[in-house]
Amino acid sequence: MYLFANATIYIGLAIAIYSLLIMTLGISTKNQKFVNSGKGGLIALLVCSSLAMLSLFYLLATSQFQYEYVHDYTSSELPIIYKLTALWAGNAGSLLLWTFFLTLYTCMIAFSRKLKGNPMVPYISAILLANAVFFFFILGFVAKPFILLDEIPIEGKGLNPMLQNPGMIIHPVTLYLGYVGLAIPFAFAMAALILKNVDDFWIKMTRRWTIIAWLFLSLGNIFGGQWAYVELGWGGYWAWDPVENASFMPWLTATAFLHSVMIQERKNMLKIWNISLIIVSYALTLFGTFLVRSGVLTSVHAFANSNLGLYFLIFMGVAVIGALYVLMSRYNLLKRSAGEFNSFVSKESSFLINNLLLVGAAFAVFWGTIFPLVSEAVRGTKVTVGLPFFNKVEAPILLSMMFIMAVCPLLAWQKSTVKNLRKNFMIPAILAILAMILMVVLGIQKAWAVIGYGVISLLLITHFLEFYRGVKARRKMTKESPLVALYRLMIRNRRRYGGYIVHLGIAFITMGIIGSQNYDLQTMKTVDLGKSIVLKDYRINYDRLDQKKEGINDIVYADVTVFKNGKKLGTYQPEKVFYGNWEQPSSEVAIISSLKEDLYIVLSAWEDDGKATFVVKVNPMMNWLWIGSFMIVIGALFAVWNGKYGNVTPRYTGVRKEVS
């Protein structure tokens with residue numbers, strides 16, 4: 001197995017180098033046989049990465065502790081599902097997963113029927129192959145997944161308990177699918193520039209790929225936030241940790257790209273901006289990987305220190321410099337064929353403002369993330385930027401984006417007239433103001449919360465009106481029932497209404513953020529057996545403290561009975577788990593959820609006489625955050641789902657070049 005597993009890596013590296021060279025030779029000599037040979041190498045490359053990953057899965061599942069990776073991340077008593085997911089618990093395994101996704105995506109592009117005959121395919125394949133060469137090199141010489149130990153250990157070190165959570169089964173996989181997915185539009189953009197194809201065909205071809213990559217990044221961030229909320233025991237879901245930021249930044253720039261490409265498709269504008277955005281998004285995926293694996297910043301999510309960061313930094317530098325060189329060499333061509341804005345009060349302008357806000361948010365996160373490194377380099381002292389900075393900077397940007405999202409559907413393309421603005425804005429504005437007044441009457445006094453919920457109300461109203469007006473117009477023409485009209489309206493405009501569903505999801509997420517950040521309550525109290533903790537409408541009775549054993553783990557738990565307004569909600573068990581093969585214990589929290597709020601109970605400490613210390617939090621509107629996350633997923637899937645052929649991704653119909 002040792003020889004076979006390592007052979008898959010080194011043979012894969014050799015095939016990747018061969019395929020890249022023969023593909024490049026085929027492009028330069030316009031020889032289709034060489035290009036076809038390179039495409040054949042892509043299939044062999046996928047086979048190698050698949051066999052390597054299956055080999056590591058087998059070693060992990062069967063507890064082959066003579067392998068360093070298996071010994072470091074599993075143990076014999078670990079459930080089989082966590083033995084398998086340990087594949088992405090460490091550097092080598094996670095990079096192997098990344099490599100598998102990269103080769104899979106490359107084969108899907110190279111052999112896509114919609115790209116048959118497209119002269120960009122060899123260029124796209126060559127760019128993705130350059131990535132594959134880098135990752136196979138890393139697996140072969142830097143982060144080796146199949147290293148044998150000198151002696152066979154009796155037992156493994158086990159998996160970090162924080163990773164033993166259903167969210168962590170999915171979170172890394174979705175993030176890597178998103179990270180690798182952004183390499184696809186990057187490769188398309190570079191191929192289009194090299195071939196001097198400055199129309200919007202490459203954007204139409206990559207639209208679904210970009211949305212899918214964006215969806216996976218969204219899922220990665222969602223599952224990461226949910227994991228942090230239930231597993232870390234601090235009652236929050238986003239701490240602006242460097243590694244959290246690393247996955248959030250490309251999400252922001254990819255979101256900006258998805259919006260601005262609509263303007264290029266419709267008005268032939270923002271060509272340079274769009275290509276710049278996709279370069280930045282691709283670079284940020286590599287930068288995020290550098291942060292996770294370099295050890296330069298402290299993070300609860302980061303891998304152990306290694307020299308991998310330097311390799312990723314060099315590769316990122318080469319990729320970005322090369323991409324900028326290609327962009328600058330085609331600058332005049334892009335500029336010459338670009339359209340212009342007709343009015344500042346138009347749908348195009350709202351898209352551009354939203355883009356600037358998204359990029360500004362990404363830059364603020366980037367600056368806050370790297371500031372400790374900058375301060376250490378300049379002053380010799382590492383100054384950490386914490387939650388207050390990010391919250392103060394990002395909160396107004398978020399509300400500004402929400403406002404732009406709210407008014408965008410009311411604006412016309414090219415230019416909105418005063419009559420049009422008055423007609424479209426009057427009713428939504430009045431209703432939003434009435435909603436804000438009602439909030440103040442109901443006791444919401446904080447200015448940011450009132451403004452935020454007012455903007456959300458405006459967004460919900462304008463989007464409802466978009467659906468209502470669309471259904472009304474369709475019914476007028478077809479006489480269909482309201483539900484049938486709504487269904488057919490949406491499936492004939494999947495991209496538009498899928499985007500609206502995503503907007504509604506973001507509105508609900510913002511509701512959850514505003515509620516949990518502005519109106520959360522917390523208390524930490526030590527109580528005797530039989531005594532109670534009172535917080536808001538809740539009374540938590542401390543009934544019992546006990547201990548149990550699960551496998552090699554010891555669990556201390558408390559029985560607490562929860563009442564709300566005198567009504568019993570049930571008995572719950574917050575726990576503290578002590579692991580037999582891990583030094584640090586973890587908390588298993590008790591969460592009582594409703595649409596209004598979450599009650600969050602943590603067993604913090606205890607004494608021999610039975611006294612126990614609990615941390616109790618009330619987190620308002622938390623479920624709306626998860627509901628909004630679900631709506632984002634639904635909206636993105638709806639937008640990319642197959643409609644009529646050619647409606648989403650066109651088939652290439654241009655001239656046939658000598659190589660394709």
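Computed from a predicted structure; not experimentally measured.

Conventions adopted
Position numbers for residues start from 1 in each chain and track the written sequence from start to end. Where totals are concerned, whole chains, interfaces and linings use all residues; where local detail is concerned, this predicted model gives features only for residues with pLDDT of at least 70, and gives and counts side-chain atom pairs only at 80 or more. The basis for every side-chain value is the complete set of non-hydrogen atoms in the structure, without hydrogens or water. Labels follow the DSSP assignment, with helices taken as runs of H or I lasting at least four residues and strands as runs of E lasting at least two, numbered in each case from the N terminus. For the radius of gyration, the atoms used are the C-alpha atoms, and the globule rule reads 2.2 Å times the number of residues raised to 0.38. Partly exposed describes any residue whose relative accessible area lies between the buried limit of under 20% and the exposed limit of over 50%, with all areas from a 1.4 Å probe on protein chains only and scaled to the type maximum. Contact between two residues is taken to exist if any of their heavy atoms lie within 4.5 Å; hydrogens are not considered. Computed by Shrake-Rupley with a 1.4 Å probe, the accessible areas treat only the displayed protein chains as cover when residues are assessed. The charge count includes Lys and Arg as positive and Asp and Glu as negative, but it does not include His or the ends of the chains. Working definition for charges: the position is that of NZ of Lys, CZ of Arg, CG of Asp or CD of Glu. By this definition, two strands are paired if DSSP reports at least two bridges between them. Comment: axis = line fitted to C-alpha atoms, over the contacting stretch for helices; angle = value between 0 and 180 degrees taken between N-to-C directions. Residue-level confidence of the predictor is summarised by pLDDT, bounded by 0 at the bottom and 100 at the top. Angle categories are assigned with fixed cut-offs, so that under 35 degrees is roughly parallel, over 145 is roughly antiparallel, 65 to 115 is roughly perpendicular, and the rest are oblique. Working rule for handedness: look at the near helix, and if it is turned counterclockwise from the far one by less than a right angle, call the crossing left-handed; if clockwise, right-handed. Each residue gets one of three labels, nonpolar for Ala, Val, Leu, Ile, Met, Phe, Trp, Tyr, Cys and Pro, charged for Asp, Glu, Lys and Arg, and polar for the others, Gly among them. Each residue after the first adds 1.5 Å to the expected span of a helix. Every case where a carboxyl oxygen of Asp or Glu lies within 4 Å of a side-chain nitrogen of Lys or Arg is listed as a salt bridge. Between the rings of Phe, Tyr and Trp (Trp by its six-membered ring), a pair exists once the centres lie within 6.5 Å; its type follows the angle of the planes, with under 30 degrees stacked, over 60 edge-to-face, and the other angles tilted. Over a ring means this: the NZ of a Lys or the CZ of an Arg is within 6 Å of the ring centre and within 35 degrees of the ring normal.

Draft legend 1. Molecular detail of the overall build of the protein. Of the regular secondary structure elements, the protein holds 20 helices and 10 strands. Here the C-alpha radius of gyration of the protein, 27 Å, is about what a compact globule of 660 residues would show, namely 26 Å. If one aligns the C-alpha atoms of the protein with their principal axes, the spans along those axes are about 85 × 80 × 60 Å. Looking at the protein residue by residue over its 660 residues, the buried ones come to 55%. Counting only contacts in the protein whose residues sit at least 6 apart along the sequence, the fraction spanning at least 24 positions is 72%. In the form shown here, the protein has an accessible surface area of approximately 29100 Å², with 64% of it arising from carbon and sulfur atoms. Here the protein contributes 58 positive and 35 negative side-chain charges, whose respective centroids are spaced 21 Å apart.

Draft legend 2. Examining the sheet that holds strand β1 (residues 521-527) more closely. The four strands are arranged β1-β10-β9-β8 in an open sheet whose pairing can be described as antiparallel. The open sheet has two edge strands with one neighbour each: β1 and β8 (590-593). The average angle at which neighbouring strand axes cross in this sheet is 15 degrees, direction not considered. Relative to strand β10 (residues 612-620), strand β9 (residues 597-606) is paired through nine bridges, and the arrangement is antiparallel. Paired with V602 across the strands is V615, a residue of β10.

Draft legend 3. Local environment of the pairing of strand β3 (residues 538-550). In terms of strand pairing, strand β2 (residues 532-535) meets β3 through four bridges, oriented antiparallel. Residue pairing across strands places V534 opposite R539, the latter belonging to β3. Hairpin geometry of β2 and β3 is characterised by an intervening segment of two residues between the two adjacent antiparallel strands and by a positive phi of about 55 degrees at K536. Bridge analysis of β3 against strand β4 (residues 553-564) gives 12 bridges, and the strand direction is antiparallel. Among the inter-strand pairings, K548 is bridged to a residue of β4, identified as I555. Linkage of β3 to β4, two consecutive antiparallel strands, is achieved through a turn of two residues, within which G551 is found at a positive phi near 65 degrees.

Draft legend 4. Geometry of the confidence of the model for the protein. Scored by pLDDT, the protein comes out at a mean of 89, with 94% of its residues at no less than 70. Considering only residues more than four positions removed or in separate chains, one finds that residues 644-648, a stretch of pLDDT under 50, has nine contacts.

Draft legend 5. Structural detail: the packing of helix α10 (residues 242-267) against helix α11 (residues 271-294). The contact between α10 and α11 brings their axes to 9 Å, and the two run at 165 degrees. Relative to α11, α10 is oriented roughly antiparallel. Regarding α10 and α11, the two cross each other, and that crossing is left-handed. Here the contact of α10 with α11 is composed, by residue class, of 17 nonpolar, seven polar and one charged.

Draft legend 6. View of helix α20 (residues 622-640). In this model α20 runs 28 Å from its N-terminal to its C-terminal C-alpha over 19 residues, within 8% of the 27 Å that 1.5 Å per residue would give. Of all the 19 residues making up α20, 14 are buried; the element is thus mostly covered by neighbouring parts of the structure.

Draft legend 7. Representation of helix α1 (residues 2-29) in the model. End to end, α1 covers 40 Å across 28 residues, agreeing with the expected 40 Å (1.5 Å per residue, within 8%). Trailing α1 by a residue or two, K30 shows a phi angle of about 55 degrees, which is positive.

Draft legend 8. Focus on the pattern of salt bridges. One pass over the full model with this rule turns up 13 salt bridges. For R488, the salt bridge goes to E480, with nearest N and O atoms at 2.8 Å. Put simply, R207, E265 and R495 are held in one network by salt bridges that share partners.

Draft legend 9. Just unusual backbone geometry, in detail. Residue K196 is not a glycine yet carries a positive backbone phi of 60 degrees. Among the structural elements, K196 can be located in the loop between α8 (183-194) and α9 (201-231). At K479, a residue that is not glycine, the phi angle is positive and equals roughly 65 degrees. Assignment of secondary structure puts K479 in the loop between α17 (447-478) and α18 (482-491).

Draft legend 10. Expanded view of the packing of aromatic side chains. By the definition in use, this model includes 34 aromatic pairs. Look at W98 and Y176: their rings are 5.7 Å apart centre to centre, the planes differ by 50 degrees, and that puts the pair in the tilted class. Of this pair, W98 sits in helix α5 (residues 91-110) while Y176 sits in helix α7 (residues 166-181), and the two are 78 residues apart along the sequence. Among the aromatic residues, those joined into a ring-pair cluster are W98, F134, F135, Y176, Y179, F312 and F315. The lysine or arginine in question, R539, covers the ring of F563, its NZ or CZ lying 4.3 Å from the ring centre. Between K548 and the ring centre of Y557, over which it is positioned, the NZ or CZ distance is 5.1 Å.

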